[in-house]
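# Structural overview
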Amino acid sequence: MTGFRYNKNLPFVKKESRGVWYENGQFIHAKYASNTAAFGDILRWQLRTNPQKKQKKEDGFWVKCIYNSAFLSSSEDMIVWLGHSSFFIRIGGISLLTDPCLTDLPMIKRLVPPPCPISALDNIDYLLMSHGHRDHFDEKVIAQLIEQNPAMTFLLPLEISKLLGKKRNSVLFQEAAWWQRFTVKDDLEITFLPAKHWNRRYLHDLNRQLWGSFWIKYQGISIYFGGDSAYDSHYSEIKEVMGEPDICLLPIGAYRPSSVMKSAHMNPAEAVQAFQDLGGKTIIPMHYGTYDLSDEPLGEPLQLLREFDEMGRLAGEVKALAVGEVMPLKTTKS
């Protein structure tokens, strides 16, 4: 089926939006559908010696982890980094999880443990998935979360529910195109937005599922969760439509070599520009330090972000959380 795809049951927040183009079994967008790196670039990367090998070996950086399950039983509104792109967010008393990847990846170890047992993650209202890559869509963790949270609703990009397999028939889920607002409870608003990325889990399923980012708003407080994305003009576009977010959860790692990573990820300088384009007040960096996915030393992304901050490049605050650290949110219900 060729044409614009969207969820007919969800409203658009951008008037001229018609959905995302779908053709020959793939989602296509002229601006925000990244091409995967060329096979030759990937092969050269795998065969050559990392030019930062010595720096990487001497880096010595480890993400700090605060072992803590108490935040789950609290009634306060907050943001807690669970590592990589996974966050626990309670806002207006409603509990959210983003991209819950909390275990080892195939052939890649998780370098910092989650701050609490996965078994403690219950009473979750909404699970937000940005896309289906294996460092964001953790099948084992998702299966466990479904068992522990039978009333939880998945908020997903178009066609991602198919990755749930047989469980798709027994869970609550909504799928959205870019610029569509999900149906959620109380005064909470959650909108699905563009990202410049791509999606694949197997050899022959390139971009069969959509990818994107999320805008979360409750009574005047707005949080932008950027998922995975390369830098592009969508950040300015999001600001034009949605306004300026109070808090930006933005990726800063997995950017070297540029020949392989630039079409899908941002380096710290690009993340700073994205933050400026969005007009954000606070940036919480993510997508670094939890898994070793690329050539740069583990500590380099955060070091560079802090250097940019010291140089006055950010018109806002950097809040680099430890895994398990609680950042309170000031809402009328907190």
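What counts, and where the lines are drawn
Residues numbered from 1 in each chain as written. Predicted model: local features only at pLDDT ≥ 70, side-chain atom pairs only at ≥ 80, totals over all residues. Heavy atoms only, no water. Helix = DSSP H or I, 4+ residues; strand = E, 2+ residues; numbered from the N terminus. Rg over C-alpha atoms; globule rule 2.2 N^0.38 Å. Buried < 20%, exposed > 50% of the residue type's maximum accessible area, 1.4 Å probe, protein only. Contact = heavy atoms within 4.5 Å. Areas by Shrake-Rupley, 256 points an atom, 1.4 Å probe, with all protein chains shown as cover. 1 Å grid on protein atoms, 1.4 Å probe; cavity = no way out; pocket = protein on both sides within 12 Å on 5 of 7 lines; lining within 4 Å. Points joined across faces, edges and corners; volume = space filled by probe spheres on them. Nonpolar A, V, L, I, M, F, W, Y, C, P; charged D, E, K, R; others polar. Phe/Tyr/Trp six-rings, centres within 6.5 Å; stacked < 30°, edge-to-face > 60°. Lys NZ or Arg CZ within 6 Å of the ring centre and 35° of its normal. Pairing = 2+ DSSP bridges. Core = buried A, V, L, I, M, F, W, Y, C linked by side-chain atoms within 4.5 Å.

### Structural notes on the overall build of the protein chain
- The secondary structure content of the protein chain amounts to eight helices and 17 strands.
- Its C-alpha atoms give the protein chain a radius of gyration of 19 Å, near enough to 20 Å, the size a compact globule of 334 residues would have.
- Looking at the protein chain residue by residue over its 334 residues, the buried ones come to 57%.
- Long-range contacts, defined as pairs at least 24 residues apart, comprise 71% of the intrachain contacts of the protein chain with a sequence gap of at least 6.
- Carbon together with sulfur atoms contributes 51% to the accessible area of the protein chain, which is approximately 14700 Å² in total.

### Considerations on empty space enclosed by the protein
- For the coordinates displayed, the defined rule picks out one cavity of 30 Å³ or more.
- When its volume is computed, the largest cavity comes out at roughly 90 Å³.
- Lining the largest cavity are 14 residues, with Ala-254, Tyr-288, Gly-289, Tyr-291 and Glu-296 sitting closest to its centre.
- When its residues are assigned to classes, the lining of the largest cavity shows seven nonpolar, five polar and two charged.

### Re the packing of aromatic side chains
- Applying the stated rule across the entire model yields 14 aromatic pairs.
- Measuring from centroid to centroid gives 6.5 Å for Trp-215 and Tyr-224, while their planes differ by 55 degrees, and the two rings are tilted. The same class applies to Trp-215 as to Tyr-224, namely buried.
- Pairing Tyr-231 with Tyr-235 gives two aromatic rings, centres 6.1 Å apart and planes at 20 degrees, and the pair type is stacked.
- Ring-pair connections join several aromatic residues into one group, and the members of that group are Phe-182, Phe-192, Phe-214 and Phe-225.
- Looking at Arg-5, its charged tip hangs above the ring of Tyr-22, at a distance of 4.4 Å from the centre.

### So, the pairing of strand β6 (residues 94–98)
- Counting buried positions along β6 gives five out of five residues, so the element sits mostly inside the fold.
- Both faces of β6 are covered, namely the face carrying Ile-94, Leu-96 and Thr-98 and the face carrying Ser-95 and Leu-97.
- Where strand β5 (residues 86–91) meets β6, five bridges bridge the pair, whose relative direction is antiparallel. Looking at β6, one finds that Phe-87 is bridged to Thr-98.
- Pairing between β6 and strand β7 (residues 126–128): three bridges, direction parallel. Across the sheet, residue Thr-98 finds its bridge partner in β7, namely Leu-128.

### As for the nonpolar core
- Counting residues in hydrophobic clusters, the biggest one holds 66 residues, and the most contacted among them are Ile-79, Ile-89, Ile-91, Leu-96, Leu-188 and Ile-190.
- Ranked by the residues each element gives to this core, the list is headed by helix α7 (residues 268–278), at five residues.
- Not counting chain neighbours up to four residues away, the residues in contact with Ile-79 comprise Phe-87, Phe-88, Ile-89, Ile-223, Ile-247, Ile-284, Leu-321, Glu-325, Val-326, Met-327 and Leu-329.
- The next biggest cluster of nonpolar side chains, apart from the first, holds 26 residues, and it includes Leu-72, Cys-116, Leu-121 and Met-152.

### Quick notes on the sheet that holds strand β13 (residues 221–225)
- The strand order across the open sheet formed by seven strands is β10-β11-β12-β13-β14-β15-β16, and the pairing between neighbours is mixed. Looking at which strands have only one partner, the edges of the open sheet turn out to be β10 (180–181) and β16 (317–318).
- Two strands pair when backbone bridges link them, and β10 and strand β11 (residues 188–193) are joined in this way by two bridges, in the antiparallel orientation. Looking at the pairing, Gln-180 lines up with Phe-192 of β11.

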